[in-house]
Amino acid sequence: MTKTNTFFKKIYELLTNTDRFAELTETIILFSLRAIAAVLVFLIFRKIINILMKKYEKFDRKDSNKSLHTFSRSMLRLTLNFIAIMIALLIIGVKQTAFVGLLGGAGLGIGLALKDTLANFAGGVILIIFKAYEIGDFIEIDGQSGSVHEINVFATTLNTIDNKRILVPNGLATSHQIINYTKNKTRRVDLLFGISYNDDFKKAIKILTDLAEAHPQILQKIDKTIRLRELGDSSVNITFRVWCKSSDYWSVYYDIMESAKLKFDESGISIPFPQMDVHMHKTEKEITINKLKEEKK
């Protein structure tokens, strides 16, 4: 007897066996009802989760840690969705022991497949605990710089100066150097001015010192360094180091650069550019040819 005939025979026996057919029909109907109930419960839970997340979003007091708030919000959403899926599976009929066994058996495979995701999660926890940066800080990670917009479970979102959105995995952040430009309240502004060898460098230092003392955003209580730094190839270089609030850094930087150029121009102090002297040497053959040309004339 062929496999096809055997299959049809089993179907015929099932249809003619009233008890087995009724049992199968009952099982299908019960499973369908459970599946429908599971889907409805899952959808209801999703609605509830969205409402809870909106409530949690509003619960952002001024004295709360914004970084911790965004991270915990992301973690809470992930946890609630996992609970909703688990409840739906239990309604369908998946037993708790089977569910736990399934999770345990798949744990190793999931861990290997999602090792980068788990590393990002662990990185997020480390960032929150050690507070390497917080919402609003201007940072640089692996060559990417911007202000921190959000720290969630798996990634950190940055807004660049030109308003681009960059997503940096938390695992990458914890495994690379992090430069936080705004963590400290003050920053040092380092500038280098080059003047001509023919100009009076003491006069240039006096001009830069007056600019530093007159600028309202430069911290006067912290010592300033305005000294001759080096004798360069084409200029006398003066170092300019002052301190200001981290939020005033770029304002001080551009103000000093512009004011120094104007004051140097008014005082006749020039800012040289690199020059190169090229010496031409004639060969003996060229000299001989030039002499013959002159004799012919």
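This text goes with the structure placed above it.
Residues numbered from 1 in each chain as written. Predicted model: local features only at pLDDT ≥ 70, side-chain atom pairs only at ≥ 80, totals over all residues. Heavy atoms only, no water.

S.K.: Help me understand the nonpolar core in this model?
M.R.: Note on soluble globular proteins: their nonpolar side chains tend to be buried together. Ranked by size, the top nonpolar core spans 23 residues in total, and within it Phe193, Leu208, Phe240, Ile256 and Phe264 carry the most contacts. Phe193 has contacts with Leu208, Val236, Asn237, Ile238, Phe240, Ile256, Met257, Ala260 and Phe264, leaving out every residue within four places of it along the chain. (Core = buried A, V, L, I, M, F, W, Y, C linked by side-chain atoms within 4.5 Å. Buried < 20%, exposed > 50% of the residue type's maximum accessible area, 1.4 Å probe, protein only. Contact = heavy atoms within 4.5 Å.)

S.K.: How should the sheet that holds strand β7 (residues 225–231) be read in this particular structure?
M.R.: Where strands meet in a sheet, backbone hydrogen bonds hold them as pairs that are either parallel or antiparallel. The strand order across the open sheet formed by three strands is β6-β8-β7, and the pairing between neighbours is antiparallel. Strand pairing shows two members of the sheet lacking a second neighbour, β6 (186–195) and β7, which therefore form its edges. The average angle at which neighbouring strand axes cross in this sheet is 25 degrees, direction not considered. Where β6 meets strand β8 (residues 236–245), ten bridges bridge the pair, whose relative direction is antiparallel. (Pairing = 2+ DSSP bridges. Helix = DSSP H or I, 4+ residues; strand = E, 2+ residues; numbered from the N terminus. Axes fitted to C-alpha atoms, helices over the stretch in contact; angles between N-to-C directions.)

S.K.: Teacher, can you tell me more about the environment of Met86 here?
M.R.: Mapped onto the fold, Met86 is located in helix α3 (residues 66–92). In sequence terms Met86 and Ala38 are 48 residues apart; their C-alpha atoms lie 10.0 Å from each other.

S.K.: Before we go on, may I ask you to explain a nonpolar patch on the surface in this structure?
M.R.: On the surface, Ile36, Val39, Leu40, Leu43, Ile44, Ile48 and Leu52 cluster together to form a nonpolar patch covering roughly 640 Å² of accessible area. Look at Ile48 and you get partly exposed, because its relative accessible area is 40%. (Patch = residues over 30% accessible without salt bridge, like charges linked within 9 Å, V, L, I, M, F, W, Y side chains within 5 Å. Areas by Shrake-Rupley, 256 points an atom, 1.4 Å probe, with all protein chains shown as cover. Salt bridge = Lys/Arg side-chain N within 4 Å of Asp/Glu carboxyl O.)

S.K.: Is there a simple way to explain the layout of surface pockets in this structure?
M.R.: A water-sized probe rolled over the atoms picks out the places where empty space is left. Volume-wise, the second largest pocket comes out at about 200 Å³. Surrounding the second largest pocket, Phe138, Ile161, Tyr181, Thr182, Arg187, Ser246, Ser247, Asp248, Tyr249, Trp250 and Ser251 form its lining. Top contributing element to the lining of the second largest pocket by residue count: helix α8 (residues 249–266), with three residues. Of the residues assigned to the lining of the second largest pocket, the class counts are five nonpolar, four polar and two charged. (1 Å grid on protein atoms, 1.4 Å probe; cavity = no way out; pocket = protein on both sides within 12 Å on 5 of 7 lines; lining within 4 Å. Points joined across faces, edges and corners; volume = space filled by probe spheres on them. Nonpolar A, V, L, I, M, F, W, Y, C, P; charged D, E, K, R; others polar.)

S.K.: Teacher, can you tell me more about the sheet that holds strand β4 (residues 165–169) here?
M.R.: Pairing in this open sheet of five strands is antiparallel, and the strands run β4-β3-β2-β1-β5 from one edge to the other. Since the sheet does not close on itself, it has two edges, and those belong to β4 and β5 (178–180), each with one partner. Each strand of the sheet is rotated relative to its neighbour by a mean of 40 degrees, with strand direction disregarded. Sheet topology places strand β2 (residues 144–151) next to strand β3 (residues 155–159); four bridges connect them, and they run antiparallel.

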